Amino acid sequence: MIFSVTAISIGALLSAVPVSAAAYSQIKVYDSTNFFDGFNFTSDPDPSGGFVDYVDSETATSSGMAKISNGAVYLGANFADKSPNGRPSTRVRSKDVFTTGLFVADIAHMPAGTGNGASCGIWPAYWTSGPDWPNSGEIDIIEGVNNQKANTVTLHTAKGCNMDVSGSESTAPQTSADCENSDSGCSQATTSSNNYGAAFNANGGGVYVTEWASLSLSVWFFPRGSAGANAVINAGAADLDVANFGAPLAQFRANTCNIAQRFKSNYIIFNTNFCGGWASREFLKDETCASLADTCNDWVANNPAAFNEAYWLVNSVKVYARNN
């Protein structure tokens with residue numbers, strides 16, 4: 001169902017640097033009133049080989065790993081018990097699938113760590129992916145491992161897809177242009193001080209906006225309390241125009257591939273993984289993490305209290321369709 005809305009301008013509150021002339025109308029809202037009706041818990045083995053035990057809906061709710069907390073959606077992991085077979089955690093996937101659109105995620109807290117070991121072993125992600133991976137594509141909007149300081153935005157798809165990132169902020173250097181389904185995909189690391197991890201949480205989170213268009217994929221971040229975050233949040237169901245958002249934190253423009261063909265029918269996904277291929281490798285490279293245990297799995301299995309901050313707190317996810 002597409003809501004009837006009245007367009008408003010938020011250009012006075014957001015940067016006026018034009019990106020593209022595209023206005024969007026709200027079609028879907030997931031928040032504390034309906035989030036668990038719109039998302040399924042997935043308890044399949046982790047495809048990245050993570051040291052994690054994703055639980056079903058009944059287990060998540062009865063254990064308190066999934067709940068409504070202070071008007072927001074809480075999605076966490078077990079931080080009470082040693083877990084020799086993988087740390088119990090949550091992974092949810094939207095029932096609806098999407099092809100193109102504007103996705104606005106108002107997030108108050110993301111999985112991170114505090115104290116001794118900080119975020120060692122934690123691999124959180126807010127992303128989209130389709131059932132025919134990698135042919136239906138994957139958009140990693142928020143992702144990182146261990147004590148990573150800033151967000152990494154990454155795309156994955158089948159062989160033969162390269163992206164141009166010339167429209168991104170200067171703080172988003174490209175680490176790979178090839179989006180083939182390898183470990184790295186085509187990736188942009190960022191250097192913003194509060195868009196990820198403990199620093200993100202200390203600032204009360206913020207708003208991630210993702211535009212999935214036919215010729216480009218763009219991600220903006222507005223920190224909590226900023227004019228941009230306030231404008232997007234306060235717009236409610238009103239139309240949003242990405243021309244008012246300024247330069248994206250990360251942007252991928254089609255170079256040698258057709259975005260419409262490579263990215264389609266994706267679910268929205270939130271999960272908190274532990275260890276696995278990427279995080280385990282980086283665990284041993286991090287002096288803080290490597291000093292804690294011989295392996296990532298050992299640390300995660302035997303130190304449950306280290307993961308009391310390993311949770312998502314989501315105020316809302318809003319989906320907009322482009323106006324014709």
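Residues numbered from 1 in each chain as written. Predicted model: local features only at pLDDT ≥ 70, side-chain atom pairs only at ≥ 80, totals over all residues. Heavy atoms only, no water.

Here's the deal with helix H6 (residues 276-285)
Right, so step 1: Here H6 has its buried residues at Gly 276, Ala 279 and Phe 283. Each buried residue of H6 sits inside an arc of 50° when the element is viewed along its axis, so together they form one side. Facing away from the buried side of H6, by more than 90 degrees, are the exposed residues Leu 284 and Lys 285.
Right, so step 2: In the core, the buried residues of H6 are packed alongside strand S9 (122-129), strand S19 (267-274), helix H7 (287-290) and helix H8 (296-302). (Buried < 20%, exposed > 50% of the residue type's maximum accessible area, 1.4 Å probe, protein only. Helix = DSSP H or I, 4+ residues; strand = E, 2+ residues; numbered from the N terminus. Arc of directions from axis to C-beta. Contact = heavy atoms within 4.5 Å.)

Examining the packing of aromatic side chains
Right, so step 1: If you walk through the whole model with that rule in mind, you get 16 aromatic pairs.
Right, so step 2: Their ring planes at 85° and their centres at 5.6 Å tell us that Phe 35 and Phe 36 sit as a pair that is edge-to-face.
Right, so step 3: Given the relative accessible area of 1%, Phe 35 is considered buried.
Right, so step 4: Its relative accessible area of 26% is what places Phe 36 among the partly exposed residues.
Right, so step 5: A network of ring pairs unites the aromatic residues Tyr 30, Phe 35, Phe 36, Phe 39, Phe 41, Tyr 126, Phe 270 and Trp 312 as a single cluster.
Right, so step 6: Positioned above the aromatic ring of Tyr 74, the side-chain terminus of Lys 67 is 4.8 Å from the ring centre.
Right, so step 7: The ring centre of Tyr 267 lies 4.1 Å from the NZ or CZ of Arg 93, which sits over that ring. (Phe/Tyr/Trp six-rings, centres within 6.5 Å; stacked < 30°, edge-to-face > 60°. Lys NZ or Arg CZ within 6 Å of the ring centre and 35° of its normal.)

Details of the confidence of the model for the protein chain
Right, so step 1: Overall, the predicted model of the protein chain reaches an average pLDDT of 90, with 91% of residues at or above 70.
Right, so step 2: Below a pLDDT of 50 lies the segment residues 1-20, which in the model reaches 50 contacts outside its immediate sequence neighbourhood of four places, other chains included. (pLDDT = per-residue confidence, 0-100.)

Side note on the pairing of strand S20 (residues 312-322)
Two faces, one strand: in a regular strand the side chains alternate between the faces of the sheet.
Right, so step 1: Taking burial as the measure, the eleven residues of S20 include eight buried ones, the bulk of the element.
Right, so step 2: Here strand S1 (residues 23-31) pairs with S20 via seven bridges, running antiparallel. Its bridge partner lying in S20, Gln 26 is registered against Tyr 320.
Right, so step 3: Judged from the three bridges that link them, strand S5 (residues 72-75) and S20 form a sheet pairing that is antiparallel. Looking at S20, one finds that Tyr 74 is bridged to Leu 313. (Pairing = 2+ DSSP bridges.)

As for the nonpolar core
Right, so step 1: Tyr 126, Met 163, Ile 268 and Phe 270 are the most contacted members of the largest nonpolar core, which totals 46 residues.
Right, so step 2: In terms of residues, this core owes the most to one element, S20, which gives four residues.
Right, so step 3: With residues near it in sequence (within four places) discarded, Met 163 still touches Leu 155, Gln 174, Ala 177, Cys 179, Cys 186, Phe 252, Arg 253, Ala 254, Asn 255, Cys 257, Ile 259 and Phe 263.
Right, so step 4: Formed by 18 residues, the second largest nonpolar core is a distinct cluster that contains Phe 283, Cys 289, Val 300 and Ala 306. (Core = buried A, V, L, I, M, F, W, Y, C linked by side-chain atoms within 4.5 Å.)

Looking at the state of the cysteines
Right, so step 1: On inspection of all chains with the given rule, the structure shows four disulfides.
Right, so step 2: A sulfur-sulfur distance of 2.2 Å marks the disulfide that ties Cys 161 to Cys 257. Of this pair, Cys 161 sits in the loop between strand S11 (152-156) and strand S12 (163-164) while Cys 257 sits in the loop between strand S18 (250-254) and helix H5 (259-262); the two residues are 96 residues apart in sequence, bridging distant segments of the chain. Of the two residues examined, Cys 161 and Cys 257, each falls in the buried class.
Right, so step 3: One disulfide in the model links Cys 179 with Cys 186; its S-S distance is 1.9 Å. Its torsion about the S-S bond being 85°, the disulfide of Cys 179 and Cys 186 is classed as right-handed. By the burial criterion, Cys 179 is buried, and Cys 186 matches it. (Disulfide = S-S within 2.5 Å.)

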